[in-house]
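Commentary on secondary and tertiary structure
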Amino acid sequence: MGWQGILNSSGILFAGFVGTVVLSIATIVTGTILGLLVAVLRTAHIRGLGVPLRIYLEVFRGSPLLVQMLFIYFGAAYLGLRFVETFTAALIALTLYEGALISEIFRAGIEAVPKGQREASRSLGLSRVQIERYVILPQTATIVLPPLVGQYIGLVKDTALAAAIGYFELVREGQAIIDRIGMPIEVFAVVSVIYFVICYPMSLFARRLELRTLHP
Amino acid sequence: MSMIELRNVHKRFDELEVLKGIDLTVEKGEVVIIIGASGSGKSTMLRVINNLEPIQAGEVWVSGVPVHDPKRADEVHRIAGMVFQQFNLFPHLTALRNVTLALRKVKKMSGAEANEAGRAALARVGLAEKADAYPSEMSGGQQQRVAIARSLAMEPEIMLFDEATSALDPELVGEVTGVMRQLAKEGMTMLVVTHEMGFARDVGDRVVFIDEGLIAEQGKPAVLFTNPSNPRTQQFLHRVLDR
């Protein structure tokens, strides 16, 4: 046994790696879309939307992701929504939570664009949607990219909480190995290294983006 | 029908009343210069005409469009072009793309049509060779001329200038006022908020002096500059001309 046991379990660890990566990528896509949408709607100051969006933001930013995940998973079961399996529940919870945090990153970027840009665009007859798409958002890209990638790194690690509702990702698979062969320290050390291997390149990328923003 | 007509326009920012009942009529082809101290409400009046600020009372008509009616206010943007103190060029687009964006998205021109119209507009302000330059690669005067070209390309009936030369180094003012003089000569209806008294005297058909949210005096430049009747106008002109 010993390290040989962990080596023999590499298939299980790989399955966990795939589970983590799939959930991370799915959440990056859905969370970014939601965050962008919320940020654009909030900064557009549309009457009647401000309060509901603010409530969404504060609720999901202000409560633990683990609680949200359990709430959605068991809440769906309670309501008899059988199609909500662990992956779906984890994705919904992560999307709502990360979307709230990402929306604040986009909002900061949008508000950093001088208001004269909007005024000039309106004077030219561009519509609200056209102004966001062709004038504002392209200018926010360099501002939001570094913090956005930083948020994605946190997001990858947040997917570990999906283990609590039984989704098979790295932590959950690691636990499964420990159940068979013990050695929790060694197994979790390996799991940590795998997380690091996923996150470190993202961290380097964020650092490069940041330097490029500071010294264009 | 007048090109611009303001009737008893009131504008408040919270407690502060900036426009206290403005009446103004501008005819087609007229060049009207707006002068007044900072904070007098002259820029606000221009912004009200261009639907950038809502008003609390009164009516604003621009070439038949009721700008005071929120449902129809946006129509003014097809009629009026505006040039800002801070240029407000789109920094992520080249000069040509700055000019063609609205041609493609608002006028729905094809890429080729828009490029042709855009190059023509840049040529009109003497910047044909800067088509591929980004705003950060141009001087302030060049940027402001691109901003003028961007508005002109949309073929507006009226041009609004909000302190278009105030952010420029003194030696760059001339190239921008030169373009404005040319426009006036071509018969464009212009409303110009400015501190350039020489330009006002040469180009203006009429000078309007705004003081504390009201039109205190207006008249032909020759008369208003040499023989103002209102003591407030006298004071103001004394301050700006005898610097």
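Residues numbered from 1 in each chain as written. Chains lettered and ligands numbered in written order. Predicted model: local features only at pLDDT ≥ 70, side-chain atom pairs only at ≥ 80, totals over all residues. Heavy atoms only, no water.

A few points about the pattern of salt bridges
- All told, the structure shown has 23 salt bridges over all chains when counted by the stated rule.
- The residue R61(A) makes a salt bridge to E104(A) at a minimum N-O spacing of 3.4 Å. Pair noted here: R61(A) is in helix α3 (residues 50–61) and E104(A) is in helix α5 (residues 86–111), with a separation of 43 residues, a long-range link.
- The buried category is assigned to E104(A), whose relative accessible area is 17%.
- Note that R181(B) and D202(B) form a salt bridge whose closest N and O atoms lie 3.2 Å from each other. Within this pair, whereas R181(B) is found in helix α5 (residues 170–185), its partner D202(B) is found in helix α6 (residues 197–203), the two being separated by 21 residues in sequence. (Salt bridge = Lys/Arg side-chain N within 4 Å of Asp/Glu carboxyl O. Helix = DSSP H or I, 4+ residues; strand = E, 2+ residues; numbered from the N terminus. Buried < 20%, exposed > 50% of the residue type's maximum accessible area, 1.4 Å probe, protein only.)

Side note on the sheet that holds strand β3 (residues 31–35) of chain B
Residues and elements named next belong to chain B.
- Sheet architecture is open: six strands sit in the order β6-β7-β8-β3-β9-β10, paired in mixed fashion. Of all the strands in the sheet, the pair left with one neighbour each is β6 (80–83) and β10 (214–219). Strand-to-strand twist across the sheet, computed as the mean angle between neighbouring axes with direction ignored, equals 20°.
- Sheet analysis places β3 next to strand β9 (residues 206–211), joined by four bridges and oriented parallel. By the bridge assignment, I35 is partnered in β9 with F209. (Pairing = 2+ DSSP bridges. Axes fitted to C-alpha atoms, helices over the stretch in contact; angles between N-to-C directions.)

Considerations on the interface of chain B and chain A
- Counting residues at the interface gives 21 residues for chain B, matched by 16 residues for chain A.
- Taking both sides of the interface into account, the surface hidden between chain B and chain A amounts to around 1600 Å²; carbon and sulfur atoms contribute 59%.
- The partner of R47(B) in a salt bridge is E119(A), with the nearest N and O atoms 2.6 Å apart.
- Linking chain B with chain A are nine residue pairs in polar contact (both at pLDDT 80 or more). (Contact = heavy atoms within 4.5 Å. Buried area = accessible area lost by both parts, 1.4 Å probe. Polar contact = N/O pair within 3.5 Å; in protein donor to acceptor, adjacent residues only side chain to side chain.)

A closer look at the packing of aromatic side chains
- If you walk through the whole model with that rule in mind, you get six aromatic pairs over all chains.
- Taking the centre distance of 5.7 Å and the plane angle of 45° together, the rings of F87(A) and Y167(A) count as tilted. Residue F87(A) is located in helix α5, and its partner Y167(A) is located in the loop between α7 (128–158) and α8 (170–181); the two are separated by 80 residues in the primary sequence.
- One Lys or Arg, R172(A), reaches over the ring of F168(A) and ends 5.2 Å from the middle of that ring.
- Taking NZ or CZ as reference, R201(B) lies 5.2 Å from the ring centre of F225(B), over its face. (Phe/Tyr/Trp six-rings, centres within 6.5 Å; stacked < 30°, edge-to-face > 60°. Lys NZ or Arg CZ within 6 Å of the ring centre and 35° of its normal.)

Re the confidence of the model for chain B
- For chain B, per-residue confidence averages 93 on the pLDDT scale, and residues scoring 70 or more make up 100% of the total.
- Under the prediction, the complex receives an ipTM of 0.93, its pTM being 0.83. (pLDDT = per-residue confidence, 0-100.)

Thoughts on α5(A)
Residue and element names in this part refer to chain A.
- Over its 26 residues, α5 extends 37 Å from the first C-alpha to the last, a length consistent with the 38 Å expected when each residue adds 1.5 Å.
- Its axis deflected by about 25° at G99, α5 carries its strongest bend there.
- For α5, the tally of buried residues reaches 19 of 26 residues, placing the bulk of the element in the interior. (Expected span 1.5 Å × (residues − 1). Bend = angle between axes of the 7 residues up to and from the residue.)

Some words on the pairing of strand β7 (residues 158–162) of chain B
- In terms of burial, β7(B) is largely enclosed, as five of its five residues are buried.
- In this region the chain leaves β7(B), passes through α5(B) and returns to the parallel neighbour strand β8 (residues 189–193) of chain B; the handedness of that crossover is right-handed. (Right-handed = clockwise from strand over helix to strand, strands pointing away.)

Concerning the packing of helix α2 (residues 95–105) of chain B against helix α4 (residues 140–152) of chain B
Residues and elements named next belong to chain B.
- Between α2 and α4, whose axes approach to 8 Å, the crossing angle comes to 25°. Here α4 runs roughly parallel to α2, going by the angle between their axes. Taken as a pair, α2 and α4 cross one another with a handedness that is right-handed. Residues A95, N98 and V99 of α2 pack against V146, A149 and R150 of α4. (Parallel < 35°, antiparallel > 145°, perpendicular 65-115°, else oblique. Left-handed = near helix turned anticlockwise from the far one by under 90°.)

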